[in-house]
Amino acid sequence: MKITGTTIKVDVAIIGGGIAGLWLLARLRRLGFSALLIESEALGTGQTICSQGIIHGGVKYSLQGKVTEAAKLISEMPAVWRRCLKGEGDIDLRGSLLVEHQYLLATRSPRSWFAGLLASKVVNGRAEKLVGIGADSYPPALRQAAFRGTVYRLDEPIVDVASVLNAFADQHHEAIVLCEGPAVPSGDGAITLRYLDRPMLAIRPSCTIFAAGGGNSAVLWASLQQRPLHMVLVRGPSLPGPMYGHFVGTRDIPRLTVTTHCDTAGHLVWYLGGELAETGVKRDRQEQIRMARRELASLLPWVDWSPTQFATFSVKRAEALQSDGSRPIGPSVMRDGRTLVVWPTKLALAPLLADQVEEMLRKLDLRPRPADLRLLEDWPRPKIAVYPWNREDLVWS
Ligand SMILES: Cc1cc2nc3c(=O)[nH]c(=O)nc-3n(C[C@H](O)[C@H](O)[C@H](O)COP(=O)(O)OP(=O)(O)OC[C@H]3O[C@@H](n4cnc5c(N)ncnc54)[C@H](O)[C@@H]3O)c2cc1C
């Protein structure tokens, strides 16, 4: 469709306001490019708002005792994010830190203990073994004489994802717009910006970056895979305080990954991922809740789980297609002419994705030019997506 009427020229149009699009926006604007991010729902809809917010440093990918490529690529990310959390780097994320460290928790089972030991050795200096049963430094849930496992404190911070999204929205307000319906470039590359009965605007970018997660499927030449998860939420008066960490099991992924969040009523909610969520895609809601109860009772038997309530929901991870369907080892950038399709693969890897896109734009010889975004001053802006534990459609039982 040919768009007539008002046209705004920009260097880069970014489609999608999850962590990938937002980090790219911040990076490109810092480099002087005129960039505009177009979001069709709320910022972070899809994967980002559902993420556990862990800024991995590689331990999760070292449970077989090997320094994998994935572990190497992600190892610098905690330092990069920590700079931003101090107000330095691509974006000022002061106030977005949830906790400084998460933990690696090995049970007494020989395989769990050994995997924990190997992973802690492999990450060399980035996992500190905490000693002493009931030690004060343990997470509150493990300050029990009955706990006989090993606890490593990891150099992996956890961020409050909504605060991160808010930081981008506030600091790049003028360059983020809401579009009614999915944004899709027309044959001549222009993107129509529409919202209710407002006059349409045409955005004419020199380069378009699809950072739309599952929405990247709109680009027919870019092949994506979607790997589902069945996540679990737990709340109730007997939750033994905040908990952040991977319980090591027998596989190369954590048996259970727990993060803790606060719902709108101010109550703690445990958010469970890991193997439970991966294998849980084969279980219906009731079965998944039964399994979650069994796992928690087995790992933390001193807690009374009977008064807790559980909810579950399904979500898909969107990534570049791999021949064996496995997780890509790092971010992915595909290109056709001046259209890029990108996936960070992990929230933590968004800065590395920005490095790769920066490099690609250099090769494309795209030079920064100023753009006049004044016409967008009163255009609607997207809100921030709602955390899973605050969703009204969840069924708790
Ligand atoms: C349950 C879960 C837990 C996770 N935990 C972690 C973790 O702890 N640490 C970690 O590093 N990673 C984690 N991840 C991975 C991480 O969340 C994702 O890799 C990352 O959030 C992907 O971000 P994205 O910006 O590519 O996509 P998304 O977050 O899916 O964002 C895509 C955005 O594009 C918008 N959009 C789509 N189509 C269009 C269109 N046509 N026009 C305009 N807008 C459009 C959507 O509305 C959405 O806002 C987790 C993932 C899941 C699912």
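Residues numbered from 1 in each chain as written. Predicted model: local features only at pLDDT ≥ 70, side-chain atom pairs only at ≥ 80, totals over all residues. Heavy atoms only, no water.

The name that an unreviewed UniProt entry assigns to the chain is Glycerol-3-phosphate dehydrogenase, with the source organism given as Candidatus Competibacter denitrificans Run_A_D11.

Caption draft 1: Structural detail: the sheet that holds strand β11 (residues 224-235). Read across the open sheet, the eight strands follow the order β5-β6-β4-β12-β13-β14-β11-β15; overall the sheet is mixed. Taken across any chain shown, the strands that pair with only one partner, and hence form the sheet edges, are β5 (127-130) and β15 (309-320). On average, adjacent strands in this sheet sit at an angle of 25 degrees to one another, irrespective of strand direction. Bridge count between strand β4 (residues 102-106) and strand β6 (residues 150-154): five bridges; the pairing is antiparallel. Paired with Leu 105 across the two strands is Val 151, which belongs to β6. The sheet strands contacting helix α7 (residues 285-299) are β11, β12 (245-248), β13 (256-262), β14 (268-273) and β15, and the helix crosses β15 at an angle near 100 degrees. (Pairing = 2+ DSSP bridges. Helix = DSSP H or I, 4+ residues; strand = E, 2+ residues; numbered from the N terminus. Axes fitted to C-alpha atoms, helices over the stretch in contact; angles between N-to-C directions. Contact = heavy atoms within 4.5 Å.)

Caption draft 2: Focus on the site of the ligand. Close to the ligand lie 38 residues; Glu 39, Thr 48, Ile 54, Ala 183 and Ala 348 are nearest. One nitrogen or oxygen atom from the main chain of Ile 54 is found 2.9 Å from a nitrogen atom belonging to the ligand. Mapped by element, the contributors of at least two residues to the shell around the ligand are α1 (19-30), β2 (35-39), β11 and β15. (Near = heavy atom within 4 Å. Polar contact = N/O pair within 3.5 Å; in protein donor to acceptor, adjacent residues only side chain to side chain.)

Caption draft 3: Just the pattern of salt bridges, in detail. A complete count under the given rule lists 22 salt bridges for this structure. Lys 72 is paired through a salt bridge with Glu 69; the nearest N and O atoms lie 2.9 Å apart. A residue pair is termed a helical-turn pair when its members lie 3 or 4 positions apart in one helix, as Lys 72 and Glu 69 do in helix α2 (residues 69-74) at three residues. In this structure Lys 72 comes out as partly exposed when scored by relative accessible area, which is 46%. Accessibility expressed as a relative area gives 42% for Glu 69, which makes it partly exposed. For Arg 227, the salt bridge goes to Glu 319, with nearest N and O atoms at 2.7 Å. Note that Arg 227 is positioned in strand β11 and Glu 319 in strand β15, a separation of 92 residues in sequence. Here Arg 227 matches Glu 319 in class, with each residue buried. One connected set of salt bridges, linked through shared partners, spans Arg 27, Arg 30, Asp 90, Asp 355, Glu 358, Glu 359 and Arg 362. (Salt bridge = Lys/Arg side-chain N within 4 Å of Asp/Glu carboxyl O. Buried < 20%, exposed > 50% of the residue type's maximum accessible area, 1.4 Å probe, protein only.)

Caption draft 4: Quick peek at the environment of Leu 376. Relative to the assigned elements, Leu 376 resides in the segment after α8 (350-363). When neighbours within four sequence positions are excluded, Leu 376 is seen to be in contact with Ile 8, Leu 36, Val 177, Leu 193, Leu 201 and Arg 381.

Caption draft 5: Just the nonpolar core, in detail. Core analysis: the biggest nonpolar cluster contains 92 residues, and Trp 23 and Trp 81 have the highest contact counts within it. With eight residues, the single largest contributor to this core is α1. Aside from chain neighbours lying at most four places away, what touches Trp 23 is Trp 81, Cys 84, Asp 90, Ile 91, Leu 93, Phe 168, Ala 350, Pro 351 and Ala 354. (Core = buried A, V, L, I, M, F, W, Y, C linked by side-chain atoms within 4.5 Å.)

Caption draft 6: How the structure looks around helix α3 (residues 77-85). Summarising burial for α3: seven of the nine residues are buried, a large majority. Of all the residues in α3, the buried ones are Met 77, Pro 78, Val 80, Trp 81, Arg 82, Cys 84 and Leu 85. Looking at the buried side of α3, the elements it contacts are α1, α2, β3 (97-99), β7 (158-159), α5 (161-171) and α8. Once α3 ends, the next one or two residues include Gly 87, with phi positive near 95 degrees.

Caption draft 7: Expanded view of the layout of surface pockets. Taken as a whole, the second largest pocket holds about 160 Å³ of empty space. Around the second largest pocket, the lining comprises 14 residues; the ones closest to its centre are Thr 107, Arg 108, Phe 147, Ser 298 and Leu 299. Contributions of two or more residues to the lining of the second largest pocket are made by β4 and α7. (1 Å grid on protein atoms, 1.4 Å probe; cavity = no way out; pocket = protein on both sides within 12 Å on 5 of 7 lines; lining within 4 Å. Points joined across faces, edges and corners; volume = space filled by probe spheres on them.)

Caption draft 8: Focus on the environment of Ile 38. As for its placement among the helices and strands, Ile 38 is situated in strand β2. Judged by relative accessible area, which is 1%, Ile 38 ranks as buried. Between the C-alpha atoms of Ile 38 and Leu 97, which are 59 residues apart in sequence, the distance is 26 Å. Those residues in contact with Ile 38 that lie beyond four places of it in its chain are Ile 14, Ile 15, Gly 16, Val 177, Cys 179, Ala 183, Ile 191, Leu 193 and Ile 203.

Caption draft 9: Here's a closer look at the UniProt feature "transmembrane region" (unreviewed entry) in the chain. Under the UniProt annotation, "transmembrane region" (unreviewed entry) lies at residues 6-26. For residues 6-26, the end-to-end C-alpha separation is 26 Å, with 38% helix and 43% strand making up the annotated structure. (UniProt positions renumbered as here; feature names shortened; annotations may be inferred.)

Caption draft 10: Local environment of the packing of aromatic side chains. A complete count under the given rule lists eight aromatic pairs for this structure. Both rings, one in Trp 23 and one in Trp 81, keep their centres 4.8 Å apart while their planes meet at 55 degrees; by these two values the pair is tilted. In this pair, Trp 23 is assigned in helix α1 and Trp 81 in helix α3, connecting sequence segments 58 residues apart. For Trp 81, a relative accessible area of 0% puts it in the buried group. Through a chain of ring-to-ring contacts, the aromatic side chains of Tyr 271, Phe 313, Tyr 387 and Trp 389 assemble into a single cluster. The ring centre of Trp 396 lies 3.9 Å from the NZ or CZ of Arg 235, which sits over that ring. The ring of Phe 313 carries Arg 391 above its face, with NZ or CZ at 5.1 Å from the centroid. (Phe/Tyr/Trp six-rings, centres within 6.5 Å; stacked < 30°, edge-to-face > 60°. Lys NZ or Arg CZ within 6 Å of the ring centre and 35° of its normal.)

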